[in-house]
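In case you want the letters, here they are:
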Amino acid sequence: MLTLKSLRVPSLHRMPLFGLAFGKLWLGAHFIPILAFLFLCLQPLPALSAFQEKRVVILYSVPHDFPATELVEKGIRDVFNHNSSFTVQLFSEYLDLSRFRDEEQRKALAGLLNERYKGGGIDLVILVDTPAIFFLLEHEALLAGIPAVMCLVPEAIQERIVQSRLGPRACGVLITQNFVNEYVRASLALFPHAKQVAMAAGAFEADLVHAAMLRQALEQAKGGRRVMDLGGVSLEEMEQQGSRLSRNTPIFFSTLFVDQAGRSYIPRRVLEELIESTSAPVFGLYESYFGRGILGGPMVAMQQHGRMAALLALSVLQGRTPAQLGFTSSREVETAAYDWRQLHRFQIRENLLTPGVPVEFRQATLWDQYKYVFIAVAVLMVLQSALILGLVFNLRLRKKGEKQLREQQVELENLAGRLIAGREEEMQRLSRAFHDDLMQRLAAVSIKAGTLEKQAVDGHAAMLEPIQGMKQQLTSLTEDIHAISRELHPSILKDLGLEKALQSLCANFTERTGVQVELFNHGLTSTAACQEKTLCIYRVVQEALRNIGKHAQAGHVDVFVENRPDKLVLTIEDDGTGFDAAAATKSPGIGLAIMRERARLVGGTFTLHSEPGQGTVIDLTIPKNSTVYGKNQDSPC
């Protein structure tokens, strides 16, 4: 905050003589703008004043739980809640004047309100309906000098308000006589053949004012009809008289806060009881009645009355005077609608209704209520039928395709079996050719080489060394061809059995590669399995050892073969580098593929387990009673 102490002004008594002139100039150049700035800071800012709080008192004629009060209050609060010009603090008073009508009670109420608000700085008062207006007219000292905005003001009391002391500071929203006349004309148009009409109203001050306007409208529009007044009696007598009226005698219900017997009521509940007791059609002027049994037509929009009164109040709070605004009415405070249930009950044709007025509570037909459900069900049934037909057609195609696939699979399996069997036959033929032809020829050449070796010893010593080298090469070639012949077809398997064949295979692998192979067998000496199954075991061991020798870098291999009563079991384990079995399953090499196919052809199961660095385990199980595919014609199994 800027203060005089914060202004560092040079002390004049400390200044040299030649600085006096400069000091005067400094003071004149700086103090005047600073004082002007301080003056402006002390003035109220216009922008801040726009957000000051306004205090408004609302005097409701009836309690908070009355339907009319709820509608008007909602309209008022909607406007004030959306106001951004200033803050409005509302003080709502529910006077309940229809229940506390004694003069002493009203004086006490006025005194209470006066004590509550006499020093409260109230900026505006809003009066809702006739009783609150009459109450303030009676007690002029209450909220004296405060502008008053009124809503639900019958035009019949407008002059009385204007001529009172309240008049210069009052404005409001009217219920006009023209609107009541229009309401009566539109209602009578629905019953052009009615001989008489009836009106029902109460004995309270508000009831009498509204009833007077309704009576005037009925007199103008009766057109030869007799007007029957149900007012001036107790509620029970009114209901009895109404129960005797015909369906062609419309009843116009105004308001009934107090009946002739002095009892207080809620008008809407009185209306409901009257409708329940009579078979005659009932009309009501206020929107709070709609949906409770009245036929409808033009009605006073009570929530809109509250909104219009709040808008007038905002204009007054913003600076306009009530005299400038005056008493007004608008189509905005009117509404219109018809109740389809009542139209249907009294068989009123809709061409008699006011054009453009909506018909509410229309009871839809079964088709109107559920047409979208029917359409959805129909579409669903069509789609479901199409889907079922498609599924049936697709199922037939699928079955046909599956049948063809099964046939092709069987053909492929038989073909694979025949190919492997043919391969074995061809390998057997080649093995015999190597053994019976090449081996015999090589043996003959070896014998001749031996003869030449003896002759060279006797007289041709210079030829001895080449002949011996040729003899060694022939011996090595004979051994290689013998090994190839054994690889092509293990004749030892047929001659000596599976056990000897596996022992020879393992021994030859150890001799050739240096990898120690240990064979464990159980019951192989008594094996009586068919040739294809024993050959399958032999070939799987052979292929596994070949792969171990090429890739595994193993130091030890265990081969377990067991002849169980119902199956043959083979397990091969190595301590090699291992590999990713999942990847190998997706794209197996030719060796694994052949082993799996051999197992399948004899009805067995082949599994492989391996992890990098953990070695490899191969399991083969062949049931003894399994079917063999692609077997030779002369096979015993």
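Everything that follows concerns the structure shown earlier in this document.
First, a word on scope: everything that follows refers to the structure included in this document. (Residues numbered from 1 in each chain as written. Predicted model: local features only at pLDDT ≥ 70, side-chain atom pairs only at ≥ 80, totals over all residues. Heavy atoms only, no water.)

**Some words on the sheet that holds strand β7 (residues 226-229)**
We count it as follows: Should DSSP find at least two bridges between two strands, the strands are taken to pair. A run of H or I in DSSP becomes a helix once it reaches four residues, and a run of E becomes a strand once it reaches two; helices and strands are each numbered from the N terminus. Angles run from 0 to 180 degrees between N-to-C directions of axes, and those axes are lines fitted to C-alpha atoms, restricted for helices to the stretch in contact.
Taking strand neighbours across the sheet as the criterion, the 4 strands line up as β7-β6-β8-β9 in an open arrangement whose pairing is parallel. The two strands at the open ends of the sheet, each matched to only one other strand, are β7 and β9 (282-284). Pairwise comparison of adjacent strand axes, ignoring direction, gives a mean angle of 25° for this sheet. Judged from the 3 bridges that link them, strand β8 (residues 251-253) and β9 form a sheet pairing that is parallel. From the neighbouring strand, Phe253 faces β9, where its bridge partner is Gly284.

**Remarks on the pattern of salt bridges**
For the record, the criterion: The term salt bridge refers to a pairing of a side-chain nitrogen on Lys or Arg with a carboxyl oxygen on Asp or Glu at a separation within 4 Å. Using a 1.4 Å probe on the protein chains alone, a residue whose accessible area is under 20% of its type maximum counts as buried, one over 50% counts as exposed, and one in between counts as partly exposed.
Using the criterion set out here, one finds 22 salt bridges in the structure. The shortest N-O distance in the salt bridge between Arg165 and Glu140 comes to 3.3 Å. Taken together, the residues Arg165 in the loop between α6 (158-163) and β5 (170-175) and Glu140 in the loop between α5 (129-138) and β4 (148-154) connect sequence positions 25 residues apart. Look at Arg165 and you get exposed, because its relative accessible area is 68%. In this structure, Glu597 engages Arg600 in a salt bridge whose closest nitrogen and oxygen atoms are separated by 2.3 Å. Residue Glu597 and its partner Arg600 are both found in helix α20 (residues 590-601); the two are separated by 3 residues, about one turn of the helix. Through salt bridges with shared partners, a single ionic network connects Arg106, Glu138 and Glu205.

**Describing the environment of Leu214**
Just so we agree on the cut-off: In this analysis, two residues are considered to be in contact whenever any of their non-hydrogen atoms come within 4.5 Å of each other.
In this fold, Leu214 is placed in helix α8 (residues 205-221). Note on Leu214: relative accessible area 4%, which makes it buried. Once residues lying within four places of it in the same chain are set aside, the contact partners of Leu214 are Val180, Tyr183, Val184, Met199, Phe252 and Ser254.

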